Amino acid sequence: RRRLNAEHPTVVREKGALTKCFDEFVEGVTLSDELRKLLVMEESEHYMEFSEEQRREFIFHLFRRICIGGGMCQYEDEITPYLDATRGLYKDLVSVQKNPSTKALEVTSMVYKLEEAEGEWGSLFPGGASQEHSFCYLIVEPIKRYVTVWYLAHTPMF
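No experiment lies behind these values; they were computed from the predicted model shown. (Residues numbered from 1 in each chain as written. Predicted model: local features only at pLDDT ≥ 70, side-chain atom pairs only at ≥ 80, totals over all residues. Heavy atoms only, no water.)

1. Things to note about the pattern of salt bridges
For side chains bearing opposite charge, pairing can occur when the charged atoms are close.
(1) Moving on: Counted according to the given criterion, the structure contains six salt bridges.
(2) Moving on: Asp77 is the salt-bridge partner of Lys20, the closest N and O atoms lying 2.8 Å from each other. With Lys20 in strand S1 (residues 20–26) and Asp77 in the loop between helix H3 (58–68) and helix H4 (80–93), this residue pair connects regions lying 57 residues apart in the sequence.
(3) Moving on: A residue is classified by how much of its surface remains accessible, and Lys20, at 40% relative accessible area, is partly exposed.
(4) Moving on: Residue class for Asp77 comes out partly exposed when judged on its relative accessible area of 44%.
(5) Moving on: The shortest N-O distance in the salt bridge between Arg36 and Asp33 comes to 2.2 Å. Each member of the pair, Arg36 as well as Asp33, is classed as buried. (Salt bridge = Lys/Arg side-chain N within 4 Å of Asp/Glu carboxyl O. Helix = DSSP H or I, 4+ residues; strand = E, 2+ residues; numbered from the N terminus. Buried < 20%, exposed > 50% of the residue type's maximum accessible area, 1.4 Å probe, protein only.)

Okay, here's the thing in structure tokens:
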């Protein structure tokens, strides 16, 4: 279930502490631990801890967005707050329903990532926003007939 645990002590230590590293500034984000490096830098020695298929999953996107945060994010030193926040947000944003024939739970929500939109009001992401770390997700609940928007125009602090 968890990919980042004691099996990968170079990213997360045995009791959940994140392995620190020298600060690197990449695309407006301060990378001060191995977790953020593996989430942002393809060059990270740990990047392959998650396959490309796993990186396409919405729950991975949530986890990544929570860990990276915004331009003035105060990072955690432990993995547990990130996992708890990801789990809670996923449960709030995504609906499931039991399949009557198989009795298995199935996701009923449809998630879309809006990458660009412009209109008379301007652009979805302002000029100073990081293209890599800005996001807009639309979570459509067809059964309940509503849409949830999760949005951040990531503006680097420096």
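Back to the text.
2. What to know about empty space enclosed by the protein
(1) Moving on: Evaluation of the coordinates by the stated rule reveals one cavity of 30 Å³ or more.
(2) Moving on: Considering only enclosed or pocket space, the largest cavity measures out at about 40 Å³ in volume.
(3) Moving on: Taken together, Arg64, Arg65, Ile68, Gly69, His133, Phe135 and Leu152 make up the lining of the largest cavity.
(4) Moving on: Of the residues forming the lining of the largest cavity, the biggest block, three residues, is contributed by H3.
(5) Moving on: For the lining of the largest cavity, a count of residues per class yields three nonpolar, two polar and two charged. (1 Å grid on protein atoms, 1.4 Å probe; cavity = no way out; pocket = protein on both sides within 12 Å on 5 of 7 lines; lining within 4 Å. Points joined across faces, edges and corners; volume = space filled by probe spheres on them. Nonpolar A, V, L, I, M, F, W, Y, C, P; charged D, E, K, R; others polar.)

3. Observations concerning the state of the cysteines
(1) Moving on: Under the counting rule described, the total for this entry stands at zero disulfides.
(2) Moving on: Cysteine Cys67 shares no disulfide, and the gap to the nearest cysteine sulfur, in Cys73, comes to 8.9 Å.
(3) Moving on: No disulfide involves Cys136; its sulfur sits 20 Å from the nearest other cysteine sulfur, which is in Cys73.
(4) Moving on: With a relative accessible area of 4%, Cys136 lands in the buried category. (Disulfide = S-S within 2.5 Å.)

4. Remarks on the side chain of Arg36
(1) Moving on: Mapped onto the secondary structure, Arg36 falls in helix H1 (residues 34–40).
(2) Moving on: Given a relative accessible area of 0%, Arg36 falls into the buried group.
(3) Moving on: Once residues within four sequence positions are removed from consideration, Arg36 is found in contact with Leu18, Thr30, Leu31, Cys67, Ile68, Tyr75, Glu76 and Tyr82. (Contact = heavy atoms within 4.5 Å.)

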